[in-house]
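Residue-level structure breakdown
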Amino acid sequence: VQLVESGGGLVQTGGSLRLSCAASGSIGSINSMGWYRQAPGKERELVAEITSGGSTYFADSVKGRFAIARDNAKNMMYLQMNSLKPEDTAMYFCADRDMARYDQWGQGTQVTVSS
């Protein structure tokens, strides 16, 4: 399964964006899928993750501001980002755990938050 990210852009502090992750095949059998981000000069980090059962994880830095969802019927995953801050500026990637473990990433989608 290949994943393609979209929905990034330039937004002012306090604004919102919704990222989408489209899968080329069924994601129903994928347990954990997540959104990662990498800012210039920093390591890639896990931002949010969702299991097939709907359990979620959020990094402390985005708790209360971001929401993650997946639609297995449409083979899609989403990241709703609210109250964006300049420190959220990064390239955002979606991946399942195996992709992340073996460093298999798509092109990502750029999110830039202006102050």
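Read on for an overview of the structure. Along each chain, numbering runs from 1 in the same order as the chain's sequence is written. With pLDDT at 70 or above as the cut-off, local features in this predicted model cover only qualifying residues; side-chain atom pairs require 80 or more to be listed or tallied, and sums for whole chains, interfaces and linings still use all residues. Computation of side-chain values covers all heavy atoms of the structure but excludes hydrogens and water.

**Digging into the pattern of salt bridges**
As a reminder, the rule being used: Salt bridges are defined by distance alone: a side-chain nitrogen of Lys or Arg within 4 Å of a carboxyl oxygen of Asp or Glu. For every residue, the accessible area (1.4 Å probe, protein chains only) is compared with the maximum for its type, and the residue is labelled buried under 20%, exposed over 50%, or partly exposed between those bounds. A run of DSSP states H or I qualifies as a helix once it reaches four residues; a run of E qualifies as a strand once it reaches two. Both are numbered from the N-terminal end.
Per the counting criterion, the structure on display carries 6 salt bridges. With a shortest N-O distance of 3.1 Å, Lys 63 and Asp 60 are connected by a salt bridge. Using a relative accessible area of 65% as the deciding quantity, one classes Asp 60 as exposed. Of the charged contacts, one joins Arg 65 and Asp 88 as a salt bridge, the two residues approaching to 2.7 Å between their closest N and O atoms. Taken as a pair, Arg 65 in the loop between strand E6 (56-58) and strand E7 (66-71) and Asp 88 in the loop between strand E8 (76-81) and strand E9 (90-96) lie far apart in primary sequence, 23 residues in all. It is possible to trace a salt-bridge network through shared partners that takes in Arg 37, Glu 45, Arg 65 and Asp 88.

**Examining the environment of Thr 89**
Worth spelling out the cut-off: Should any heavy atoms of two residues lie within 4.5 Å, those residues are counted as being in contact. Polar contact criterion, stated in full: a pair of N or O atoms within 3.5 Å, where within protein one must be able to donate a hydrogen and the other to accept it, and residues adjacent in sequence count only if both atoms are side-chain atoms.
In this fold, Thr 89 is placed in the loop between E8 and E9. Residue class for Thr 89 comes out partly exposed when judged on its relative accessible area of 22%. As a C-alpha pair, Thr 89 and Gln 12 span 77 residues in sequence and 11 Å in three-dimensional space. Residues contacting Thr 89, with those up to four places away along its chain left out, are Ala 39, Gln 110, Val 111, Thr 112 and Val 113. From its side chain, Thr 89 meets the backbone nitrogen of Val 113 in a polar contact 2.9 Å long.

**Here we look at the layout of surface pockets**
To keep things clear, this is the line we draw: Site definitions follow a grid-based scheme: protein atoms alone, a 1 Å grid, a 1.4 Å probe that fits but cannot get out for cavities, and for pockets an open set with protein on both sides within 12 Å along at least five of seven lines, plus lining residues having an atom within 4 Å of a point. Grid points are joined across faces, edges and corners, and a volume is the space filled by probe spheres set on the points.
In this structure, the largest pocket encloses a volume near 180 Å³. For the largest pocket, the full set of lining residues is Val 1, Gln 2, Leu 3, Val 4, Glu 5, Cys 94, Met 99, Gln 104, Trp 105, Gly 106, Gln 107 and Gly 108. Counting residues per element, the lining of the largest pocket draws most heavily on strand E1 (residues 3-6), which supplies 3 residues.

**Concerning the packing of aromatic side chains**
Describing an aromatic ring pair means giving the distance of the ring centres and the angle of the ring planes. Test applied: Stacked, edge-to-face and tilted labels apply to pairs of Phe, Tyr and Trp rings (six-membered ring for Trp) whose centres lie within 6.5 Å, assigned for plane angles under 30 degrees, over 60, and everything in between, in that order. Comment: the charge-over-ring label is applied if NZ (Lys) or CZ (Arg) is within 6 Å of the ring centre and within 35 degrees of the ring normal.
This model, assessed by the stated rule, comprises 2 aromatic pairs. Where Tyr 36 meets Trp 105, the ring centres are 5.0 Å apart and the plane angle is 70°; that geometry is what we call edge-to-face. Note that Tyr 36 is positioned in strand E4 (residues 32-38) and Trp 105 in the loop between helix H1 (97-101) and strand E10 (109-114), a separation of 69 residues in sequence. Ring pairing ties together the aromatic residues Tyr 36, Phe 93 and Trp 105, which thus form one cluster. One residue, Arg 18, lies across the ring of Tyr 78, its end atom 4.0 Å from the ring centre. The aromatic ring of Trp 105 is capped on one face by Arg 44, whose charged end is 4.0 Å from the ring centroid.

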